[in-house]
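Structural features, examined
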Amino acid sequence: MFRGFTTVASGMIAQQRRTELLTNNMANANTPGFKADQSTIRSFPDMLMSRLGPTQIPTEDPISGKYDSKVGAISTGVYMQETMALMSQGQLLQTDLNTDIALINGSLPVDEETGQTGAVFYRLQHPTEGEAYTRNANFTLDGAGYLTNPQGLFVLDSEGQPIQLQNDDFQVDSSGQILVDNVAVARLGVSFSSQPNTLVKQDNGLYRSVDGTDLPSAYNIDNVTFSMQQGYIEGSNVDTARTMTDMLTAYRAFEANQKVLQAYDRSMDKAVNEVGRVN
Amino acid sequence: MLRTMITATNTLSQLQSQIDIIGNNLSNTGTHGYKAKDAKFQELLYQQYNNDKLDKVERDSPTGIRYGVGAALAQTQMNWKQGSLQSTDRDLDFAFQEPKQYFNVLMPDGENGQQTAYTRQGAFYVSPMENGELMLVNGDGYPVANAGGQAITIPDGVTDFSINETGILTATYPDGTTQQRELAVSVLQKPNVMEHLSATYIAMPGNLEELGLNAEEIMTDLQGADREEIAMANGMLELSNVDTSKEMTDLMTAQRSYQFNARSITIADQMMGLINGIR
């Protein structure tokens, strides 16, 4: 009957999902190292519409048969297809804490096939297996002196080992060397992903690869440069003004879909209550 | 819609906690020996929705979409940086000129025993005891410990007190004789392990053994030759290290975030109204 009836409903659901995503971005506008999620809305795969009808072949004794002509493509709705983190640099915020070590992007190569810009992350040891990656540089020292993230996961050095320090009287130079009394004791581990969109985003600002394989170390990769800044954290890259605007846009799109749904409802009202009325 | 609301409310309550911490910092700007606390956010759980099973189109990110559910406070860290010194010209006002050094005071533990608490607030007094001697106490009446962990007592009739740089208290009597006492000084190595008893007192956590930690590694007592590291000043008090302009900026950011998240709830509510208004 009214094909668009479910189409507008799917439009409402898609805009609702978008609002949910934007709310989460807004909620994390103060989270260190948070990368704003972006969404793509995609049309459902097109369906081919056909017209079915009887046809008569004009012969002496007419033969009647089924007739099927293609009308064209029809889309039946939209859905939110992908959520991808925007990997741009967040602004640096001064904290004066020695265990806050912001990671600053330098030049990062663009993948020729996909057009994605690469990204660098701190390496963390995941409690189950393998490594997790993060941009949240709000680290701390645990009781045994290991450098950890707020959740307690070990921050790994360039050799993949946890970093143990006596206290937080240490310096980190811009190349990631940790110096205690001007003696280098470890180098902060940094990994490089040429396609950051393929990483899965998890709680506490963690990124992991889908198949559990570890990313290569970012040191010694050509054209990848980055630096560290101690006493600073990288803020969230959420643009609150933009998020608010997007949220209002999503709201109005939701409202427009609702209006169309009401129009369909009125058409149905006519079909049910007025078509074929005697008086 | 409800999801939007839950995401925003999760974050609202956490922002409220951040504002509480900022408020506590601001109210302690005038507290001698107070160290500012810094609260930072982290992302909450991400949930995976596999909503694209039927659409086999090529995509950048792993299958499904991932939704966050807001932000929560990750950790509060103590900023141990040195506060500025205020000259009081009072004999029994002591201040450290080096960060992380702490006086030891003997605090009742509530079970007829004593526990050692650590403070940087050096406004001390003498209190007469029943046996005619004087005891060195702090503003709350807790005895100040000597290097041996005992309360400091001296015979009555003192005309003058002074302290040298390495924390040795000298009491001078009318006949020119002197009495010397060593004040206990400890160096804090792992600030984040300590339990905060009040704005100025910190103590070892009760579950130290459970945590498998060694008290000496967290708080090192300065004894013997190590006492040369002590940098104590007489006639001065250490002000709090709260940076009011930073706290006010944080407060404004938190307040705006609070408004943004409250607005998300309003938008979600209006969207629910639209759903209700379909018919």
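Since the model is a prediction, treat every value here as computed from it, not as a measurement.

With that out of the way, let us pick up the overall build of chain A. In terms of helices and strands, chain A carries two helices and 18 strands. Taking 19 Å as the expected radius of gyration for a compact globule of 279 residues, we find that chain A reaches 28 Å, considerably beyond that expectation. Over its C-alpha atoms, taken along the principal directions, chain A stretches across nearly 105 × 45 × 35 Å. Of all 279 residues assigned to chain A, the portion counted as buried reaches 49%. Nonlocal contacts in chain A, meaning residues at least 24 apart in sequence, comprise 70% of its contacts between residues at least 6 apart. Summed over its atoms, the accessible surface of chain A is roughly 13,500 Å², and 50% of this surface lies on carbon and sulfur atoms. Across chain A, the mean location of the 19 positive side-chain charges is 16 Å away from that of the 32 negative side-chain charges.

This next bit is on the overall build of chain B. Across its full length, chain B carries four helices and 20 strands. Computed over its C-alpha atoms, the radius of gyration of chain B comes to 27 Å, more than 25% above the 19 Å expected for a compact globule of 279 residues. Taking the principal axes of its C-alpha atoms as reference, chain B extends roughly 100 × 35 × 35 Å. Within chain B, buried positions represent 47% of all 279 residues. Summed over all atoms, the accessible surface of chain B reaches about 13,000 Å², with 48% contributed by carbon and sulfur. In chain B, 19 positive and 35 negative side-chain charges are present, and the distance between their average locations comes to 17 Å.

Now for the pairing of strand S4 (residues 71–78) of chain B. All names here are of chain B. Burial analysis of S4 places six of its eight residues in the buried class, the great majority of the element. The pairing of strand S1 (residues 37–43) with S4 spans seven bridges and is antiparallel. Looking at S4, one finds that Lys 37 is bridged to Met 78.

A separate point is the interface of chain A and chain B. The partner chain B presents 62 residues to the 70 residues of chain A that form the contact. Overall, the association of chain A and chain B removes approximately 5,700 Å² of surface from exposure, summing both partners, and the carbon and sulfur fraction of that is 54%. Our count for the contact surface shared by chain A and chain B stands at four salt bridges. Across the contact surface, chain A and chain B share 25 residue pairs in polar contact (both at pLDDT 80 or more). Residues that form the side of chain A that touches chain B fall into these classes: 26 nonpolar, 30 polar and 14 charged.

Hydrogen bonds between backbone atoms are what pair the strands of a sheet, whose relative direction is either parallel or antiparallel. Residues and elements named next belong to chain B. Judged by pairing direction, the sheet is antiparallel, and its three strands sit side by side in the order S12-S13-S14 without closing on themselves. The open sheet terminates on both sides in strands that have one partner only, identified here as strand S12 (160–163) and strand S14 (178–182). Put simply, the sheet's adjacent strands are angled 20° from each other on average, direction ignored. Bridge count between S12 and strand S13 (residues 168–172): four bridges; the pairing is antiparallel. By the bridge assignment for S13, Ser 162 is matched with Thr 170.

All names here are of chain A. Contact geometry for helix H1 (residues 4–27) and helix H2 (residues 240–273): axes closest at 9 Å, N-to-C directions at 160°. With respect to their mutual orientation, H1 and H2 come out roughly antiparallel. Crossing angle aside, the handedness with which H1 passes H2 is left-handed.

Let us look at the sheet that holds strand S16 (residues 195–196) of chain B. Residues and elements named next belong to chain B. Spatially, S16-S17-S8-S7-S15-S18 is the arrangement adopted by the six strands of the open sheet, whose pairing is antiparallel. At either end of the open sheet lies a strand with only one pairing partner, and these are S16 and strand S18 (219–221). Inspection of the sheet shows S16 paired to strand S17 (residues 202–203) by two bridges, in the antiparallel sense. Bridging from a neighbouring strand, Glu 195 pairs with Ala 203 of S17.

Scanning all chains against the criterion turns up twelve aromatic pairs over all chains. Geometrically, the ring pair formed by A:Phe121 and A:Tyr133 is tilted, given 6.4 Å between the ring centres and 55° between the ring planes. In this pair, A:Phe121 is assigned in strand S7 (residues 119–125) and A:Tyr133 in strand S8 (residues 131–134), connecting sequence segments twelve residues apart. For the residue pair A:Phe121 and A:Tyr133, the accessibility class agrees, reading buried in each case. Of the aromatic side chains, those joined through ring pairs into one cluster are B:Phe94, B:Phe96, B:Phe103 and B:Phe124. Geometry around B:Trp80 places B:Lys81 over its ring, the cationic atom sitting 5.1 Å from the centre. When the ring centre of B:Tyr102 is taken as reference, the NZ or CZ atom of B:Arg120 above it lies at 5.9 Å.

Take the packing of helix H1 (residues 2–27) of chain B against helix H4 (residues 244–276) of chain B next. All names here are of chain B. As a packed pair, H1 and H4 sit with axes 9 Å apart at the nearest point and diverge in direction by 160°. Judged on the interaxial angle alone, H4 and H1 are roughly antiparallel. The handedness of the crossing between H1 and H4 is left-handed.

Let's shift gears to the pattern of salt bridges. Inspection of every chain in the model, using the stated rule, returns 18 salt bridges over all chains. Across the salt bridge formed by A:Glu82 and B:Arg59, the nearest N and O atoms sit 4.0 Å from each other. Placement of A:Glu82 in strand S4 (residues 78–85) and of B:Arg59 in the loop between strand S2 (46–49) and strand S3 (65–68) is noted, with the two residues assigned to different chains. Each member of the pair, A:Glu82 as well as B:Arg59, is classed as buried. Taking the shortest distance from any N to any O, the salt bridge between A:Glu255 and A:Arg252 comes out at 2.4 Å. Pair noted here: A:Glu255 and A:Arg252 are both in helix H2, with a separation of three residues, about one helical turn. Given the relative accessible area of 19%, A:Glu255 is considered buried. Residues joined by salt bridges that share partners form a network here, namely B:Asp38, B:Lys40, B:Lys246 and B:Asp250.

Residue and element names in this part refer to chain A. Ranked by internal contacts, the top residues of the largest apolar core, which has 28 residues, are Val 120, Tyr 122, Leu 188, Val 190, Phe 226 and Met 228. Secondary structure elements with two or more residues in this core: strand S6 (101–105), S7, strand S14 (190–193) and strand S17 (226–230). Per-element accounting of this core gives the leading share, three residues, to S7. Look past the residues within four positions of Val 190 in its chain and what remains in contact with it is Leu 103, Val 120, Phe 121, Tyr 122, Arg 123, Pro 216, Ser 217, Ala 218, Tyr 219, Phe 226 and Met 228.

Cut-off values and rules
Residues numbered from 1 in each chain as written. Chains lettered and ligands numbered in written order. Predicted model: local features only at pLDDT ≥ 70, side-chain atom pairs only at ≥ 80, totals over all residues. Heavy atoms only, no water. Helix = DSSP H or I, 4+ residues; strand = E, 2+ residues; numbered from the N terminus. Rg over C-alpha atoms; globule rule 2.2 N^0.38 Å. Buried < 20%, exposed > 50% of the residue type's maximum accessible area, 1.4 Å probe, protein only. Contact = heavy atoms within 4.5 Å. Areas by Shrake-Rupley, 256 points an atom, 1.4 Å probe, with all protein chains shown as cover. Lys, Arg positive; Asp, Glu negative; His and termini not counted. Charge placed at Lys NZ, Arg CZ, Asp CG, Glu CD. Pairing = 2+ DSSP bridges. Buried area = accessible area lost by both parts, 1.4 Å probe. Salt bridge = Lys/Arg side-chain N within 4 Å of Asp/Glu carboxyl O. Polar contact = N/O pair within 3.5 Å; in protein donor to acceptor, adjacent residues only side chain to side chain. Nonpolar A, V, L, I, M, F, W, Y, C, P; charged D, E, K, R; others polar. Axes fitted to C-alpha atoms, helices over the stretch in contact; angles between N-to-C directions. Parallel < 35°, antiparallel > 145°, perpendicular 65-115°, else oblique. Left-handed = near helix turned anticlockwise from the far one by under 90°. Phe/Tyr/Trp six-rings, centres within 6.5 Å; stacked < 30°, edge-to-face > 60°. Lys NZ or Arg CZ within 6 Å of the ring centre and 35° of its normal. Core = buried A, V, L, I, M, F, W, Y, C linked by side-chain atoms within 4.5 Å.

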